[in-house]
Number of protein chains: 2
Amino acid sequence: MEQSRKRAKPGRNPGSVGRTSRPRQAEVAQLAGVSQATVSLVLSARTDGKAATISEETRQRVLDAARSLGYVHDPAARRLAAARNNLLGVFSFTATFPTDVQHSYYPFLVGVEQEAAARGYDLVLFTGSSAGGPDALSRVRLADGCLFLGRHAPGAELKRLVADGFPVVHLGRREELEGLAWVGADYVSASRAVVEHLAALGHRRIVLVREDDDAPASTDRQRGFVEGLAAVGGDAGPEAVLRCADPAGEVTAERVRALVEDGVTAFVAEETDTGAAWRALDAAVREAGLGCPGDVSLGLLGGPPPDLATAPVPMGFDVPRHQLGAAAVRLLAAMVAGEETHEPLVACAFRTGETAGPPGRRP
Amino acid sequence: MEQSRKRAKPGRNPGSVGRTSRPRQAEVAQLAGVSQATVSLVLSARTDGKAATISEETRQRVLDAARSLGYVHDPAARRLAAARNNLLGVFSFTATFPTDVQHSYYPFLVGVEQEAAARGYDLVLFTGSSAGGPDALSRVRLADGCLFLGRHAPGAELKRLVADGFPVVHLGRREELEGLAWVGADYVSASRAVVEHLAALGHRRIVLVREDDDAPASTDRQRGFVEGLAAVGGDAGPEAVLRCADPAGEVTAERVRALVEDGVTAFVAEETDTGAAWRALDAAVREAGLGCPGDVSLGLLGGPPPDLATAPVPMGFDVPRHQLGAAAVRLLAAMVAGEETHEPLVACAFRTGETAGPPGRRP
DNA sequence: TTGTATGCGTTATCAA
DNA sequence: TTGATAACGCATACAA
């Protein structure tokens, strides 16, 4: 099958055969009347700093020869000899490009691609689905290091990679795995800032609407919320956090109205894949006949779902997904280069929005 | 600089060093108590047909050893030795994930990823921006073959790849390069079908609004339009095609009204990145006070821009981007396997929509 | 300043 | 059925 061994008989005469094959350094060398090593030196001359170990004359001869032969590097050989692939892996347990765009990795990938390109790395995309074997993760070792997206990367195998010293970076806080490097958004600070913004406007009774899971992103937001409330001397009673399995079912107009009558002047909801908490809150407030920000102020701990783009912009913060992707690549590149780790948290951008104002009158 | 040569002293004892480095076949061999060549035989056993030149026992020993060491092939070495990588390249001259989502390759990539995964290939994303050198494209040779997106891949280098027998597939019709394989949407047939649909409704005077460039996608649409008109005996006068540098400037309410008074009963616009032609046509008809499909029927040769998703669904066709990506991968895989080319055109799906009806009364 | 020699990890041929 | 061994194209110590 393989039409390999395209070259001439063993050993001899590298230049004479291979009509259809691209020139190698040996042929350039022959034409220029120098050795292959010299060609390598000239052709891979580091642009950075000194490269002056070659006489200008032979340099030109080699360059001319290479040009006239149409020489280009063979990346495989180059990488083999240099012992690096210049390849960074991107692994997502689900498809990297889901048809359901709702929770796609696209925004992260923008930053990942930019940063990788800037550093001269190419990207290898691994999909968890593509090879179902138990050692599916070991394929990633083909890259110099690997970035993991999503929360589904199996812990055991990740642990193995880390233990072997393979450079791994997880996108999103993930501390239960000892020694796993990660990069995440600083939800705590950002959420606290939202509370502080409300407090500065005069609010003291604020309620958080969150879903009933224990994703780190949710936990962090709640922590920031509580911290913020404490810092401003706000009222963090037991009812300050509304934790509901189905926000739409539990955050009703009556509930909201009752809370407002009880003195609550502002609500914040956490951002999730589906935007369920924010949708439920928004609908309940509207249905309760409350004006925003006239009667109540609203905050969203994250960005609004894309289909609500035309609605009033919620006060809150934007998750810097591009920057997160870029930061992850920076960290990974540093690890590949054997350097030390760095600050894993990326700041979110506060968004003033249009849904927060001074506390309204109580109805 | 390069901390290559990481391994132990020349020659000896491959297994004892390299704690942080990926295992090679030699180490697997040592652990399994066989030679490196045997490992290669076992690990690259072709699944197709016979692979039975190794005893089942040593086979298992090797497999176990490889697994326990977390062995994976080195893509560079594998490629250098003239074997295959199971790596398919995806090259886009512009960023694959542009911040400007307008013309992103995302929909194609969905299909590309699915089909690649189904065939056991991983994807390497080569970003054009990373290396501007004259051999920027040569990096793709690391993969077994490469898919090119967008119209910006420099012809000279593409030609070189093709001439060297490197498997290349271009996404989108591209015939000016002799021997370049491509996969594209069948805009001609789809556009003709739109005209025929209008003709079946009774229309005879139809006008095409297109932009003033010569992209193959535009040319194909016009060709289908003209063919369709001819086939149904429609009136393809010199004014049947409105070719304008700035549709918004030239497709005005007056113009449309004049055409309608002259007997035109239907308009079709081409789809572009920006959707400019369709926007202009839609606005002009609306401003002319014409009802659709009451007074005039409209067709769109492609899909509507995402921000017009709430507007009435235009009659026309959908470009099967997923399928295009998948078809491109299929073709590329076939070329890698040394098989022959196939049908390059993928059919578009007709979309009935809500903007076409019987010809209206003339005002 | 340039050439020689060797290794990078894999595949493939051939002999045992 | 398995083990040596020779490429593959390039980079790089080291010698000249």
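Residues numbered from 1 in each chain as written. Chains lettered and ligands numbered in written order. Predicted model: local features only at pLDDT ≥ 70, side-chain atom pairs only at ≥ 80, totals over all residues. Heavy atoms only, no water.

Considering the overall build of chain A
What chain A contains, in helices and strands, is 12 helices and 12 strands. Evaluated residue by residue, chain A yields a buried proportion of 48% over its 363 residues. Long-range contacts, defined here as pairs at least 24 residues apart, represent 68% of the contacts in chain A between residues at least 6 apart. A total of about 16800 Å² of accessible surface is found on chain A, and carbon and sulfur atoms cover 52% of it. (Helix = DSSP H or I, 4+ residues; strand = E, 2+ residues; numbered from the N terminus. Buried < 20%, exposed > 50% of the residue type's maximum accessible area, 1.4 Å probe, protein only. Contact = heavy atoms within 4.5 Å. Areas by Shrake-Rupley, 256 points an atom, 1.4 Å probe, with all protein chains shown as cover.)

Quick look at the sheet that holds strand 10 (residues 315–318) of chain A
Residue and element names in this part refer to chain A. Read from one edge of the open sheet, 6 strands run 7-6-8-9-10-12, paired in mixed fashion. Both edges of this open sheet fall to strand 7 (241–244) and strand 12 (349–351), since each of them pairs with a single strand only. Put simply, the sheet's adjacent strands are angled 20 degrees from each other on average, direction ignored. In terms of strand pairing, strand 8 (residues 266–270) meets strand 9 (residues 297–301) through 5 bridges, oriented parallel. (Pairing = 2+ DSSP bridges. Axes fitted to C-alpha atoms, helices over the stretch in contact; angles between N-to-C directions.)

Structural notes on the sheet that holds strand 11 (residues 345–346) of chain A
One open sheet accounts for 12 strands, arranged 11(A)-5(A)-4(A)-3(A)-1(A)-2(A)-2(B)-1(B)-3(B)-4(B)-5(B)-11(B); its pairing is mixed. Edge positions in the open sheet fall to strand 11 of chain A together with strand 11 (345–346) of chain B, since each of these has one partner strand only. The pairing of strand 3 (residues 145–149) of chain B with strand 4 (residues 168–171) of chain B spans 3 bridges and is classified as parallel. Bridge assignment links Leu147 of chain B to a residue of strand 4 of chain B, and that residue is Val169 of chain B. Strands strand 2 (122–127) of chain A together with strand 1 (87–92), strand 2 (122–127), strand 3 and strand 4 of chain B of the sheet are contacted by helix 5 (residues 106–118) of chain B, whose axis makes an angle of about 140 degrees with strand 2 of chain B. Across the sheet, helix 6 (residues 155–163) of chain B touches strand 3 and strand 4 of chain B, and the angle it forms with strand 4 of chain B is around 140 degrees.

Section: the state of the cysteines
All names here are of chain A. Taken as a whole, this structure holds 0 disulfides over all chains when the rule is applied. Distance from the sulfur of Cys244, which forms no disulfide, to the nearest cysteine sulfur (Cys292) is 19 Å. The exposure class of Cys244 is buried, given its relative accessible area of 2%. (Disulfide = S-S within 2.5 Å.)

Examining the pairing of strand 10 (residues 315–318) of chain B
Residues and elements named next belong to chain B. Pairing between strand 9 (residues 297–301) and strand 10: 2 bridges, direction parallel. Counterpart to Gly299 in the pairing with strand 10 is Met315. Two strands pair when backbone bridges link them, and strand 10 and strand 12 (residues 349–351) are joined in this way by 3 bridges, in the antiparallel orientation. Paired with Phe317 across the bridge in strand 12 is Phe350.

Some details on the packing of helix 2 (residues 36–43) of chain B against helix 3 (residues 56–69) of chain B
The relative placement of two packed helices is expressed as an angle between their axes plus a distance between the axes. All names here are of chain B. Put simply, helix 2 and helix 3 touch, their axes get as near as 10 Å, and they point 90 degrees apart. If you check the angle between helix 2 and helix 3, you find them roughly perpendicular. On helix 3, the residues touching Val39, Val42 and Leu43 of helix 2 are Arg59, Val62, Leu63 and Ala66. (Parallel < 35°, antiparallel > 145°, perpendicular 65-115°, else oblique.)

Observations concerning the packing of aromatic side chains
Residues and elements named next belong to chain A. The full count for this structure, using the stated rule, is 5 aromatic pairs over all chains. Consider the rings of Phe91 and Phe148, whose centres lie 5.3 Å apart with planes at 40 degrees: the pair is tilted. Of this pair, Phe91 sits in strand 1 (residues 87–92) while Phe148 sits in strand 3 (residues 145–149), placing them 57 residues apart in sequence. A relative accessible area of 2% places Phe91 in the buried class. Residue class for Phe148 comes out buried when judged on its relative accessible area of 0%. Here the basic side chain of Arg221 rests over the ring of Tyr187, its NZ or CZ set 4.1 Å away from the ring centre. (Phe/Tyr/Trp six-rings, centres within 6.5 Å; stacked < 30°, edge-to-face > 60°. Lys NZ or Arg CZ within 6 Å of the ring centre and 35° of its normal.)

A closer look at the pairing of strand 2 of chain A
With 6 of its 6 residues buried, strand 2 of chain A lies for the most part within the structure. Where burial is concerned, the two faces of strand 2 of chain A agree: the one with Asp122, Val124 and Phe126 of chain A and the one with Leu123, Leu125 and Thr127 of chain A are both buried. Here strand 1 of chain A pairs with strand 2 of chain A via 6 bridges, running parallel. If you follow Val90 of chain A over to strand 2 of chain A, its bridge partner there is Leu125 of chain A. In the sheet, strand 2 of chain A pairs with strand 2 of chain B via 3 bridges, with the strands oriented antiparallel. Opposite Val124 of chain A, over in strand 2 of chain B, you have Val124 of chain B as the bridge partner.

Observations regarding the side chain of Glu270 of chain A
Note that Glu270 of chain A resides in strand 8. One buried charged residue, Glu270 of chain A, remains without a salt bridge, the closest side chain of opposite sign being Arg210 of chain A at 4.5 Å. (Lys, Arg positive; Asp, Glu negative; His and termini not counted. Salt bridge = Lys/Arg side-chain N within 4 Å of Asp/Glu carboxyl O.)

Quick word on the side chain of Asp220 of chain A
Residue position: Asp220 of chain A is located in helix 8 (residues 216–231). Using a relative accessible area of 6% as the deciding quantity, one classes Asp220 of chain A as buried.

Side note on the pattern of salt bridges
All names here are of chain A. Counted by the stated rule, this structure contains 41 salt bridges over all chains. The salt bridge involving Arg321 is made with Glu271; its shortest N-O contact spans 3.3 Å. Here Arg321 is found in helix 12 (residues 321–336), whereas its partner Glu271 is found in the loop between strand 8 and helix 11 (276–287), with 50 residues between them in sequence. With a relative accessible area of 26%, Arg321 lands in the partly exposed category. With relative accessibility at 15%, the residue Glu271 sits in the buried group. Between Arg286 and Asp282 there is a salt bridge, with the nearest N and O atoms lying 2.6 Å from each other.

What about unusual backbone geometry?
Note: most residues except glycine have negative phi, and most peptide bonds are trans. Here the amide bond leading from Cys292 of chain A into Pro293 of chain A is cis, since omega sits at 5 degrees, within 30 degrees of zero. Tracing the backbone through its elements, the reader meets Pro293 of chain A in the loop between helix 11 and strand 9. Phi at Asn86 of chain B takes a positive value of approximately 60 degrees, unusual for a residue other than glycine. Tracing the backbone through its elements, the reader meets Asn86 of chain B in the loop between helix 4 (75–80) and strand 1.

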